[in-house]
Protein chains: 4
Amino acid sequence: MTTSASPVTITATDADDQPDRTPELEALYRGFESELLIPLWTEIGDLMPPSPRSKAVPHLWRWGNLIPLATEAGELVPVGRGGERRAIALANPGLGGRPFATPTLWAAIQYLNPGEDAPVHRHTQNAFRFVVEGEGVWTVVNGDPVAMRRGDFLPQAGWHWHGHHNRTDRPMAWIDGLDIPFQYAVESTFFEFGPDEVETREAPERSRSERLWAHPGLRPLTQLTPTPATPLLAYRWEYTDHALREQLALEAEGYSATVEPGHAAVRYTNPTTGGDVMPTLRTEFHRLAPDTATAPIREVGSSVYQVFDGTGEASVGEHSWEVERGDLFVVPSWQPLALTTDTGLDLFRFSDTPIFERLHQHRTSTEATQ
Amino acid sequence: MTTSASPVTITATDADDQPDRTPELEALYRGFESELLIPLWTEIGDLMPPSPRSKAVPHLWRWGNLIPLATEAGELVPVGRGGERRAIALANPGLGGRPFATPTLWAAIQYLNPGEDAPVHRHTQNAFRFVVEGEGVWTVVNGDPVAMRRGDFLPQAGWHWHGHHNRTDRPMAWIDGLDIPFQYAVESTFFEFGPDEVETREAPERSRSERLWAHPGLRPLTQLTPTPATPLLAYRWEYTDHALREQLALEAEGYSATVEPGHAAVRYTNPTTGGDVMPTLRTEFHRLAPDTATAPIREVGSSVYQVFDGTGEASVGEHSWEVERGDLFVVPSWQPLALTTDTGLDLFRFSDTPIFERLHQHRTSTEATQ
Amino acid sequence: MTTSASPVTITATDADDQPDRTPELEALYRGFESELLIPLWTEIGDLMPPSPRSKAVPHLWRWGNLIPLATEAGELVPVGRGGERRAIALANPGLGGRPFATPTLWAAIQYLNPGEDAPVHRHTQNAFRFVVEGEGVWTVVNGDPVAMRRGDFLPQAGWHWHGHHNRTDRPMAWIDGLDIPFQYAVESTFFEFGPDEVETREAPERSRSERLWAHPGLRPLTQLTPTPATPLLAYRWEYTDHALREQLALEAEGYSATVEPGHAAVRYTNPTTGGDVMPTLRTEFHRLAPDTATAPIREVGSSVYQVFDGTGEASVGEHSWEVERGDLFVVPSWQPLALTTDTGLDLFRFSDTPIFERLHQHRTSTEATQ
Amino acid sequence: MTTSASPVTITATDADDQPDRTPELEALYRGFESELLIPLWTEIGDLMPPSPRSKAVPHLWRWGNLIPLATEAGELVPVGRGGERRAIALANPGLGGRPFATPTLWAAIQYLNPGEDAPVHRHTQNAFRFVVEGEGVWTVVNGDPVAMRRGDFLPQAGWHWHGHHNRTDRPMAWIDGLDIPFQYAVESTFFEFGPDEVETREAPERSRSERLWAHPGLRPLTQLTPTPATPLLAYRWEYTDHALREQLALEAEGYSATVEPGHAAVRYTNPTTGGDVMPTLRTEFHRLAPDTATAPIREVGSSVYQVFDGTGEASVGEHSWEVERGDLFVVPSWQPLALTTDTGLDLFRFSDTPIFERLHQHRTSTEATQ
């Protein structure tokens with residue numbers, strides 16, 4: 001292998017902490033290159049910063065801009081085997097042109113025309129849908145048809161068969177969240193095709209999974225083993241909304257119930273463990289009462305937020321945006337987040353936090369600076 | 001110490017597997033006694049049977065007999081500090097006259113007159129209430145008033161402060177379940193007095209614990225650490241009934257949802273773990289559709305059942321009873337249980353199973369004989 | 001059922017906290033008795049004391065008294081099928097003449113003559129052997145012959161086949177510890193006979209289990225699943241002694257390594273989990289340097305100690321004894337324990353603590369009074 | 001933002017599964033780009049392959065080539081604050097010129113001259129050292145000096161302070177393994193400088209951690225809480241070698257002890273849990289007896305092997321190499337690995353498997369093809 005052909009290049013600099021650039025050192029570096037070696041001392045600044053320095057940047061995508069593009073895609077791009085889904089992903093401008101919202105998270109708007117089927121497949125990536133507006137699509141998970149309606153959160157854990165079909169005469173759009181970038185980075189992804197059409201066109205109000213599992217604190221005696229992902233396939237808006245209203249009501253009555261004043265929040269959990277709905281993804285819903293400001297917080301790992309209702313201001317690192325229904329923004333690792341609202345603000349959030357908790361790498365900080 | 005004063009007596013027999021009763025052996029046994037020693041070989045048959053041989057016997061208590069006695073107690077016995085509760089316990093005839101339903105479980109009927117307070121205390125024993133009829137009492141747990149109504153299950157984990165008060169002009173009776181005999185046997189019990197009257201006479205429809213926790217799959221962000229016992233203080237009948245109806249409906253539609261044909265069942269669980277509501281007690285609700293017979297089952301550990309509705313036949317070991325609303329019966333360790341009904345049968349059950357599962361001693365058998 | 005035949009009797013008293021002994025009350029109590037009911041208010045003082053009030057009493061058994069009786073038993077009592085073991089159990093004088101050291105723990109001296117076999121059986125009770133003197137017996141566990149020598153701790157978890165054989169021309173005695181009283185109280189015991197003679201008369205220095213498992217921090221790739229009980233069948237004295245010497249040496253060098261000044265201690269653990277060797281039994285070895293006194297401690301649950309070497313004073317509750325090699329004493333639940341020594345003291349300890357930890361009932365206190 | 005300035009570019013193709021490249025579609029794609037969006041349908045083939053398709057390639061680094069380069073670096077490159085370590089990393093030719101052995105693992109040769117100190121620092125990356133030859137360096141971990149000698153495995157878990165010093169008059173080289181690429185990808189890395197020189201120049205034979213923890217199955221009573229990483233800082237060669245010899249001896253005696261015929265293996269474990277030594281890294285030692293061939297195996301996740309002794313052939317995917325002492329090779333995700341040896345082969349291995357097990361993404365396959 002000649003030096004010039006090596007896939008490795010060592011860029012020596014004259015920085016203070018670097019050895020003198022003598023001819024001998026240059027020869028050594030060429031020797032490293034030809035053996036596919038790279039020294040730590042030229043790379044440590046990038047690899048081992050004092051605190052996480054995310055390549056991802058804070059960014060906002062406006063729902064008002066996404067919907068016309070998704071609609072146009074609905075006219076030009078068919079849904080079918082091969083492309084699999086009419087999903088359009090947020091591409092963080094710091095991540096080299098890849099369709100990644102953050103280094104670990106995928107977030108996309110998906111769009112289905114009246115009468116269309118998104119074909120059945122399964123993959124090791126953990127996934128979910130969240131609906132900010134509309135209804136009429138059923139997602140069929142392992143043969144169980146699950147209605148999708150505004151405010152619903154619909155987990156679809158890795159290796160479950162799933163497809164979707166639109167029962168109405170109107171198109172529907174929603175967001176998908178997955179751990180695609182994470183599994184792509186660590187190279188754990190498997191994928192398998194199922195039928196081209198969903199197994200059933202039944203359209204019940206409640207899925208079988210809800211009929212078995214959506215009873216608070218009750219567990220069917222037929223399913224007593226903990227499962228890595230939640231067996232409950234739909235977390236309905238009426239329950240989420242009710243839980244948040246109660247937290248704010250309890251706060252108003254003088255009881256401890258909210259994260260901080262005016263800030264109610266629930267986590268979607270796996271009823272077989274009490275933990276996160278899926279091994280790599282955390283999902284939550286946050287409600288800020290009118291005239292609320294959250295304390296800034298930093299966290300290891302990244303998040304995507306979607307505004308569900310209301311208006312407010314989101315501040316991430318040095319960026320700040322006025323946000324409204326449907327808007328999506330990302331919070332890169334260790335960037336401080338603060339939210340304020342005059343009118344009230346409802347937010348859906350998903351993050352990669354379970355990865356860090358399970359690997360003992362999670363940290364948070366409420367200090368203003370790192 | 002003289003031999004005759006020793007608290008230990010060794011009873012030698014002429015059984016085949018015993019050494020010959022020579023004078024030397026008798027002298028040896030007297031020597032053992034004076035040193036407070038007992039040989040294994042005279043005791044092994046009792047201590048180490050081939051399979052569990054419970055001292056408790058299967059027994060049925062008729063609700064129709066309990067209620068008049070409880071009513072009479074309501075007239076003769078005040079509730080107050082010292083006696084603490086107007087609770088009358090089932091005393092299994094095999095357990096030496098102790099107020100123990102089984103070697104590990106306490107079951108009692110408790111009775112409160114209009115306007116009465118059961119004073120506040122706490123203890124390490126895990127407890128719960130289950131209501132087979134009536135309403136009007138609030139149990140106040142750590143200051144949170146919890147309404148009690150027919151069909152409700154109300155856990156009260158060890159070391160929680162609690163008292164009760166009757167808000168109506170009618171008396172109310174319900175059953176208490178605790179692990180008193182277990183904690184008595186292993187000597188782990190602590191007890192502390194609180195105020196003589198409950199902290200609050202508020203009587204809300206829903207307790208604060210329900211407002212925080214009774215939302216399926218949702219967890220308040222303020223309480224993310226798993227707790228040994230459930231933070232949910234009331235499991236309402238409407239949810240239990242709904243879950244059971246859905247299981248039978250799913251079965252009728254051809255899906256797997258029931259324990260066995262016609263037999264729906266739910267377990268009450270701790271939403272922070274997905275496991276049992278309390279570390280020592282398992283609680284479940286079973287519904288048999290009309291014309292259902294369960295397969296006989298044996299289990300290590302003991303259970304108490306209360307008929308909630310309907311009629312049927314309960315068979316435990318060599319006993320068998322026609323049962324109806326309110327009737328209570330016990331299933332000793334390793335005794336086979338079978339249930340049949342023509343008209344339908346609803347049953348509340350509690351057991352000591354978590355003890356055996358956590359200590360890796362649990363076994364079940366569906367074979368007819370041991 | 002006539003009242004006089006009832007297995008239940010309610011003893012009414014004139015205590016202040018009891019209802020007046022009117023004829024109506026007496027009639028009510030007779031009604032309770034005939035229905036097999038007992039009120040809480042006559043029993044609560046016994047059932048729910050402010051803190052654990054153990055029926056067991058602190059007691060000391062002298063090795064010097066046990067050995068002659070065991071030797072005599074060796075001459076008079078054969079070992080064989082039926083009696084199974086020549087084991088002589090400590091019978092706590094507070095426990096009603098049962099062969100129970102404490103309400104949960106069995107402790108016995110076992111004795112085997114030259115050439116004898118203790119026949120093979122298995123049971124759900126967890127067991128171990130500890131050797132205070134002698135050698136020459138092999139215990140064969142699931143076919144693996146395990147040498148027994150002074151200072152060795154040899155666990156024998158529930159449902160493992162086991163028998164013993166003496167290879168030498170001298171008798172050998174050791175102690176057995178089991179959870180017999182606990183499993184007897186909760187009625188979970190199964191027992192099965194194996195062959196009358198041990199499967200193998202091989203007498204290797206090291207068992208196969210040690211060859212696979214007795215390597216610090218190393219785990220065979222063939223056995224990666226956690227097991228409820230330790231797969232290591234012998235914890236040799238040389239390792240225990242070495243670990244204790246190092247703790248005291250580190251303390252002398254100024255490092256934190258001991259429980260308290262002069263008090264070294266190790267716990268025997270399951271290498272597949274890092275936890276206790278068996279689900280119900282904790283086992284430890286404690287070494288007090290000369291001129292050491294331990295701080296008094298109370299604990300929920302009970303312990304048995306055996307002096308392995310040295311002399312000292314053991315104080316349990318209001319009892320206090322000079323102790324020496326082989327002496328055994330019990331510490332009932334919540335009784336304070338303190339140890340002092342001028343010459344140094346080595347102690348083996350076993351307890352029922354895992355029961356309480358797994359059921360969230362464990363407490364300790366270093367306060368002098370409850 | 002103008003389209004041309006967008007960091008996102010969508011490359012449309014004429015593939016069968018892609019929509020027709022009409023002017024409308026091109027306009028839609030430009031619209032996506034200006035809003036920082038990328039469709040799934042152009043990317044799915046790369047993101048969601050049927051099975052893991054690693055960017056990393058199988059590669060071998062020869063110890064005979066590494067040592068001269070490390071020696072030369074020892075002359076030209078000082079060790080000190082800023083560069084921190086004289087470590088030279090393996091750069092997988094498939095990973096874009098980054099110093100990454102695999103997408104998750106860092107492997108480097110580190111070199112320290114006589115009398116040199118590698119300055120103290122700490123970082124969230126989990127690390128270890130493994131010594132294939134030489135001795136004389138002590139690594140000081142949280143103030144505890146740990147000798148490094150041939151065959152020793154020395155874990156250094158995240159956020160432990162550590163530095164090294166060479167006590168001899170000869171240089172020493174060893175390998176470092178870390179999860180740098182993983183933590184770089186998920187952006188969880190923190191780093192902090194400590195003193196420029198190690199805290200102590202003491203050079204004991206055994207570290208304090210070994211004196212507390214390197215006793216099989218024994219745990220100091222002062223440290224009873226499970227810790228995410230092992231408290232044992234040195235796993236000595238004598239124990240590893242002994243464990244492997246015993247497995248092969250047991251196999252020869254007819255017992256089950258090896259992974260497959262002739263293939264002994266141990267995993268280094270955390271004695272507080274029985275699990276992996278660190279949350280993200282698995283480490284093992286494998287010994288193949290002469291004339292042994294392993295069955296091919298695929299695994300999700302990647303490994304690095306270093307030959308410790310002997311010779312043989314390693315086959316990874318379509319690559320195959322004759323290997324000898326010190327040689328290092330990588331096994332990318334889901335590439336089949338097979339090993340053969342005539343003379344016997346000892347191998348150290350580390351992998352990222354705990355990441356996949358904890359996140360429920362682990363799979364293995366012994367089928368020849370995917």
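Bear in mind the structure is a predicted one, so any value in this text is a computation, not a measurement.

A.B. asks: Please clarify how helix α6 (residues 237-252) of chain D should be interpreted in this entry.
C.D. replies: The α-helix advances 3.6 residues per turn, and as a result positions three or four apart in sequence lie on the same side. Between the first and last C-alpha of α6(D) there are 23 Å, a value that for 16 residues agrees with the 22 Å anticipated at 1.5 Å per step. Those residues of α6(D) lying buried are D:W237, D:T240, D:D241, D:A243, D:L244, D:E246, D:Q247, D:L248 and D:L250. Turning to α6(D), the residues buried within the fold contact α5 (208-213) and β13 (218-220) of chain C together with β14 (263-268), β15 (282-288), β18 (303-310) and β23 (345-351) of chain D. Backbone geometry just after α6(D) places D:G254 at a positive phi near 100°.

A.B. asks: Is there a simple way to explain the side chain of D:T124 in this structure?
C.D. replies: Take D:T124: it is sitting in the loop between β5 (117-123) and β6 (127-130). Among residues more than four places away in sequence, those in contact with D:T124 are A:Q361, A:R363, D:G158, D:W159, D:Q183, D:S188, D:T189 and D:F190.

A.B. asks: Any chance you could explain the domain arrangement of chain A here in plain terms?
C.D. replies: Accessible area lost during the coming together of the parts is what is often quoted as the interface size. Taken domain by domain, chain A consists of domain 1 (3-47), domain 2 (59-213) and domain 3 (237-365). For domain 1 of chain A versus domain 3 of chain A, the distance between C-alpha centres works out to 45 Å.

A.B. asks: Teacher, can you tell me more about the interface of chain A and chain B here?
C.D. replies: Counting residues at the interface gives 41 residues for chain A, matched by 41 residues for chain B. Between chain A and chain B, roughly 3,600 Å² of surface is buried when both sides are summed, and carbon and sulfur atoms account for 63% of that area. Counting the surface chain A buries against chain B, the share from its top three residues, A:R211, A:P216 and A:L221, is 20%. In this assembly, chain A and chain B are joined by six salt bridges. Between B:R211 and A:E253 there is a salt bridge, with the nearest N and O atoms lying 2.8 Å from each other. There are 14 residue pairs in polar contact (both at pLDDT 80 or more) connecting chain A and chain B. Broken down by secondary-structure element, the contributors of at least two residues to the side of chain A that touches chain B are α5 (208-213), β13 (218-220), α6 (237-252), β14 (263-268) and β15 (282-288) of chain A. Per-element tally for the side of chain A that touches chain B: the top contributor is α6(A), with eight residues. Of the residues contributing to the side of chain A that touches chain B, the split by class is 20 nonpolar, 13 polar and eight charged. By the bridge criterion, three bridges tie β14(A) to strand β13 (residues 218-220) of chain B in an arrangement that is antiparallel. Bridge assignment links A:R267 to a residue of β13(B), and that residue is B:R219.

A.B. asks: Please explain the relation of the copies chain A and chain D as it appears in this structure.
C.D. replies: What relates the two chain copies is a rotation about an axis together with a slide along it. Placing chain A over chain D gives an RMSD of 0.0 Å and needs a rotation angle of 180°, together with 0.0 Å of translation along the axis. Such a turn and shift between the copies fits a two-fold axis. The rotation axis passes nearest to the C-alpha of A:R358 in chain A, at a distance of 3.2 Å.

A.B. asks: Honestly, the sheet that holds strand β4 (residues 106-112) of chain D in this entry has me stumped. Any pointers?
C.D. replies: The strands making up a sheet are joined through hydrogen bonds of the backbone, oriented either antiparallel or parallel. One open sheet accounts for six strands, arranged β1(A)-β3(D)-β4(D)-β11(D)-β6(D)-β9(D); its pairing is antiparallel. Edge strands, defined here as strands with exactly one partner in the open sheet, are β1 (37-39) of chain A together with β9 (153-156) of chain D. Within this sheet the neighbouring strands show an average axis-to-axis angle of 25°, counted without direction. Bridging between β6(D) and β9(D) involves four bridges; their strand directions are antiparallel. Paired with D:F130 across the bridge in β9(D) is D:F153. Packed onto the sheet, helix α3 (residues 63-76) of chain D meets β1 of chain A together with β3 (87-90), β4 and β11 (172-178) of chain D and runs at close to 50° relative to β4(D).

A.B. asks: Is there a simple way to think about the interface of chain A and chain D in this case?
C.D. replies: The partner chain D presents 90 residues to the 90 residues of chain A that form the contact. With both sides pooled, the region where chain A packs onto chain D buries about 7,800 Å², and carbon together with sulfur makes up 68% of that total. Where chain A meets chain D, there are four salt bridges. Measuring nitrogen to oxygen at the nearest pair gives 2.8 Å for the salt bridge that ties A:D46 to D:R98.

A.B. asks: Before we go on, may I ask you to explain the pairing of β14(D) in this structure?
C.D. replies: Every regular strand shows the same layout, with side chains that alternate between the two sheet faces. All names here are of chain D. Across the six residues of β14, six count as buried, placing the element largely inside the fold. Side-chain alternation along β14 places H263, A265 and R267 on one buried face and A264, V266 and Y268 on a second face that is also buried. For β14 and β15, the ladder comprises five bridges, and the chain directions are antiparallel. Across the sheet, residue H263 finds its bridge partner in β15, namely L288.

Reading guide: rules and limits
Residues numbered from 1 in each chain as written. Chains lettered and ligands numbered in written order. Predicted model: local features only at pLDDT ≥ 70, side-chain atom pairs only at ≥ 80, totals over all residues. Heavy atoms only, no water. Helix = DSSP H or I, 4+ residues; strand = E, 2+ residues; numbered from the N terminus. Expected span 1.5 Å × (residues − 1). Buried < 20%, exposed > 50% of the residue type's maximum accessible area, 1.4 Å probe, protein only. Contact = heavy atoms within 4.5 Å. Domains from an automatic or database assignment. Buried area = accessible area lost by both parts, 1.4 Å probe. Salt bridge = Lys/Arg side-chain N within 4 Å of Asp/Glu carboxyl O. Polar contact = N/O pair within 3.5 Å; in protein donor to acceptor, adjacent residues only side chain to side chain. Nonpolar A, V, L, I, M, F, W, Y, C, P; charged D, E, K, R; others polar. Pairing = 2+ DSSP bridges. Least-squares fit on C-alpha atoms with pLDDT ≥ 70 in both. Axes fitted to C-alpha atoms, helices over the stretch in contact; angles between N-to-C directions.

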